[in-house]
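Geometric and topological summary
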Amino acid sequence: DGGNEGNVKQMIYPSHLKFEQSRRMPFLAMQDRLSNFLSHGQTVLIACGYSFADEHLNGIIADKLSANSNAICFGLLYDNLEKYSKAEELARKLPNLTLLAKDNCVVGTQKHPWEIGDSETEYASNDKSQSGKVICKIGDFDLFAKFLVSQIPVNSPLEEDQAQ
């Protein structure tokens, strides 16, 4: 059973009971931790793989970002912004919720298309399949992970550990 004692279900699958199930342990404790995290100080939340379709989580995020102007959330979205209407609705109201979608971003409550800048990377590139429009791929979890790894210095302790 992979170490799960008593085969306790650790995921909530989409169903009409989803909200009710999310109000139980351990999910309630995780929601409290998210709430506390966003409540104090200069905090940064990076959400990659979250569609902003869960109203109970959106409520926590919106309430805490509204109450703490020093907190910020970056939503790294996999697809075009039009597929995340709830996320865009929140970001249009909350200046500290920034969305980075494939075709557009919402920064400071304003929606903007991607444009070619001074430096292109594999994370934001000119994609000929979309009529030459610039797209942002940072919401692709695989590319986001590669981006994070690329930020690790060459002589990092991680590389030294792997060499031994």
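Attention in this report is confined to the structure presented alongside it.

Description of the environment of Leu97
Among the secondary structure elements, Leu97 is positioned in strand E3 (residues 97-100). Of the residues examined, Leu97 reaches a relative accessible area of 0% and is grouped as buried. In the structure, Leu97 is positioned 12 residues away from Thr109 in sequence and 7.8 Å away in space, judged by C-alpha atoms. The residues touching Leu97, leaving out its near neighbours within four places in the chain, are Phe52, Leu65, Cys73, Ala87, Leu90, Ala91 and Val106.

Some words on the environment of Leu57
Structurally, the position occupied by Leu57 is in helix H3 (residues 55-67). Along the sequence, Leu57 and Gln31 sit 26 residues apart, while their C-alpha atoms lie 7.5 Å from each other. Beyond its immediate stretch of four places on either side in the chain, Leu57 contacts Gln31 and Tyr50.

Let's talk about the pattern of salt bridges
Tallied over the entire structure, the rule returns five salt bridges. Of the charged contacts in the structure, one is a salt bridge between Lys93 and Glu89, with a shortest N-O distance of 3.6 Å. Here Lys93 and its partner Glu89 are both found in helix H4 (residues 85-93), four residues apart, which amounts to about one turn of the helix. Among the residues examined, Glu89 registers a relative accessible area of 47% and is labelled partly exposed.

Criteria and cut-off values
Residues numbered from 1 in each chain as written. Predicted model: local features only at pLDDT ≥ 70, side-chain atom pairs only at ≥ 80, totals over all residues. Heavy atoms only, no water. Helix = DSSP H or I, 4+ residues; strand = E, 2+ residues; numbered from the N terminus. Buried < 20%, exposed > 50% of the residue type's maximum accessible area, 1.4 Å probe, protein only. Contact = heavy atoms within 4.5 Å. Salt bridge = Lys/Arg side-chain N within 4 Å of Asp/Glu carboxyl O.

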